[in-house]
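Understanding the architecture of this molecule
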Amino acid sequence: MKKYLILCFILAFTLTSVNAQDKDSNHVCKTDPCNHGVTYAPEKGDFTAAMVFGRGAYLNGGLTVPSSYYSVSGDAPYANDVDANNNSITNMVGAEGRYYVSNRFALSLTGGAILRNTPSQLNIPAVTDVNGNVIIQAYDAVVADERADVSFSVGGQWLFNTKNNRLFPYLGVAFPFDYARRSLYDPTVTVDNSGNPTITDLGARHVDITAFGIQAVAGVDYYVAKDVFFGFDIKPVSYTYAASVKSPGPGLLNLEAENNTVSFFAQFSFKLGFKF
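Residues numbered from 1 in each chain as written. Predicted model: local features only at pLDDT ≥ 70, side-chain atom pairs only at ≥ 80, totals over all residues. Heavy atoms only, no water.

1. A few points about the pattern of salt bridges
Opposite charge on two side chains permits them to pair, given that their charged atoms come into close proximity. We apply this condition: Salt bridge, as applied in this entry: a Lys or Arg side-chain nitrogen positioned within 4 Å of an Asp or Glu carboxyl oxygen. Relative accessibility decides the category of a residue: with a 1.4 Å probe and only protein chains considered, values under 20% of the type maximum give buried, values over 50% give exposed, and everything between is partly exposed.
Tallied over the full model, the rule gives nine salt bridges. Between glutamate 96 and arginine 98 there is a salt bridge, with its nearest N and O atoms 3.5 Å apart. Under the relative-accessibility criterion, glutamate 96 is labelled buried at 6%. Judged by relative accessible area, which is 0%, arginine 98 ranks as buried. Within this structure, Glu96, Arg98, Asp221, Asp233, Lys235 and Lys271 form a network of salt bridges that share partners.

Here is the structure:
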């Protein structure tokens, strides 16, 4: 239901903008000579900002935190932002800004970040009487959980004119960087009937993924109004290198893994943007 509402909103916004633009284009001048037309093309010094929709751009495939009881997982990182299925145009994945250093070339910055932190709380054992009846219930520990997903990309785009003064295709190159982290710490301490304590974690267990690459970019912007546009782009060729480091605890050996991903026409995004 959510995605249909978003699509309806985008469609209504488009129709409203086009209708308003048509009225502006067809008005009768009373004081001005109307000897100039509406300019849709971005110019030197312009800045555009856009919401980006599509498949999630955060690279966190293989982000498995080592278990405190079993072996360290050998899951390698992988570029989960490249997938043959389950792409969605209604999923907002970040924002894009472009600054036009000339009428034909723009610098671009795309990205987003998600940071989460859950502090730990020590467990409290139950209080019982001599018969084993619970007087005060036990409280479980709160597991510390830290999460970070960061994704951004810098690049440049070359703009081209067409016979349609609203339509502007472009080609470019982008250099993406991704970082993801998961960290867990279970402060639970239990004591058996003999008084022997069991400590779940001596310190935090965590896994980090760092990735970077290079991408070719091809896209098109269509201005539905003078300063409002819809855009679509695809990555004809993309290369991503990802490396993960798993730490099962303080003083223990880390497990490292690497991954290389090459994709062709497998990543796309849809944009709703504004020109300033």
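We are not done yet, so read on.
2. Observations concerning the side chain of serine 108
Counted only if it meets this: By definition, any uninterrupted DSSP run of H or I lasting at least four residues is a helix, any uninterrupted run of E lasting at least two residues is a strand, and each is numbered from the N terminus. In this description, contact between two residues means that some pair of their heavy atoms is separated by no more than 4.5 Å.
Note that serine 108 resides in strand S3 (residues 105-118). By relative accessible area, which is 12% here, serine 108 ends up buried. Ignoring anything within four residues of it in the chain, the contact list for serine 108 reads Gly97, Arg98, Ser153, Val154, Gly155, Gly156 and Gln157.

3. Here we look at the nonpolar core
Definition in use: Only buried residues count toward a nonpolar core, which is a set of Ala, Val, Leu, Ile, Met, Phe, Trp, Tyr and Cys residues joined through side-chain atoms within 4.5 Å.
Formed by Tyr40, Ala41, Ala50, Tyr100, Ala106, Leu159, Phe168, Tyr170, Ala174, Val217, Tyr223 and Phe229, the largest nonpolar core amounts to 12 residues. Elements that contribute at least two residues to this core include exactly strand S7 (167-185) and strand S10 (205-225). Examining the composition of this core, we find that three residues originate from one element, S7, more than from any other. Grouped together as the second largest cluster of nonpolar side chains are nine residues, Ala79, Ala180, Ala211 and Ala242 included.

4. So, the confidence of the model for the protein chain
Keep this limit in mind: Each residue gets a pLDDT score, which is the predictor's confidence in that residue and runs from 0 to 100.
Confidence in the prediction of the protein chain, expressed as mean pLDDT, is 83, and 83% of residues score 70 or more. Taking the mean pLDDT of every element in the protein chain, the minimum, 48, falls on helix H1 (residues 2-25) and the maximum, 95, on S7. This model gives residues 2-7 a pLDDT under 50, and the stretch forms four contacts once residues within four places in sequence are excluded. Every residue in residues 17-35 scores below 50 in pLDDT, and together they form 12 contacts with partners more than four places removed in sequence or on other chains.

5. Concerning empty space enclosed by the protein
Let me state the cut-off plainly: Here the term cavity refers to a set of points on a 1 Å grid, laid over the protein atoms alone, in which a 1.4 Å probe fits but cannot get out; the term pocket refers to an open set having protein on both sides within 12 Å along at least five of seven lines, with lining residues being those that place an atom within 4 Å of a point. Grid points are joined across faces, edges and corners, and a volume is the space filled by probe spheres set on the points. All residues other than Ala, Val, Leu, Ile, Met, Phe, Trp, Tyr, Cys, Pro, Asp, Glu, Lys and Arg, Gly among them, are scored as polar; the first ten of these are nonpolar and the last four charged.
In this structure the tally under the stated criterion is one cavity of 30 Å³ or more. Around the largest cavity, the lining is made up of 38 residues, and of these Ala57, Thr110, Ser153, Gln215 and Lys235 lie nearest the centre. Looking at the lining of the largest cavity, the elements that each hand over two or more residues are strand S1 (47-54), strand S2 (92-100), S3, strand S6 (144-159), S7, S10 and strand S14 (268-275). Top contributing element to the lining of the largest cavity by residue count: S10, with five residues. A class-by-class count of the residues in the lining of the largest cavity yields 15 nonpolar, 16 polar and seven charged.

6. Overview of the packing of aromatic side chains
The criterion, for reference: Two rings from Phe, Tyr or Trp (for Trp, the six-membered ring) form a pair when their centres are within 6.5 Å of each other. A pair whose planes differ by under 30 degrees is stacked, one over 60 is edge-to-face, and the rest are tilted.
Enumeration over the complete set of coordinates arrives at nine aromatic pairs. An angle of 85 degrees between the planes, with centres 5.8 Å apart, marks the rings of phenylalanine 168 and tyrosine 223 as edge-to-face. With a gap of 55 residues between them, phenylalanine 168 in strand S7 and tyrosine 223 in strand S10 connect regions that are remote in the sequence. Like tyrosine 223, phenylalanine 168 is buried. Here the aromatic rings of phenylalanine 230 and phenylalanine 270 are separated by 5.7 Å at their centres, their planes lie at 25 degrees, and the arrangement is stacked. Residue phenylalanine 230 is found in strand S11 (residues 228-234), and its partner phenylalanine 270 is found in strand S14; the two are separated by 40 residues along the sequence. A residue is classified by how much of its surface remains accessible, and phenylalanine 230, at 12% relative accessible area, is buried.

7. Some details on unusual backbone geometry
Phi angles above zero are rare outside glycine, and phenylalanine 265 is one such case at about 55 degrees. Mapped onto the secondary structure, phenylalanine 265 falls in the loop between strand S13 (255-264) and S14.

8. Digging into the pairing of S10
Selection rule: By definition, two strands form a pair when at least two bridges between them are found by DSSP.
Bridge count between S7 and S10: 16 bridges; the pairing is antiparallel. Within S10, the residue paired with phenylalanine 177 across the bridge is phenylalanine 212. In this structure, S10 lies alongside strand S12 (residues 237-247), joined through 10 bridges in antiparallel fashion. Among the inter-strand pairings, isoleucine 209 is bridged to a residue of S12, identified as serine 244. Across seven bridges, the pairing between S10 and S11 is antiparallel. When the bridges of S11 are listed, tyrosine 223 appears paired with phenylalanine 229. Adjacent in sequence and paired antiparallel, S10 and S11 are bridged by two residues.

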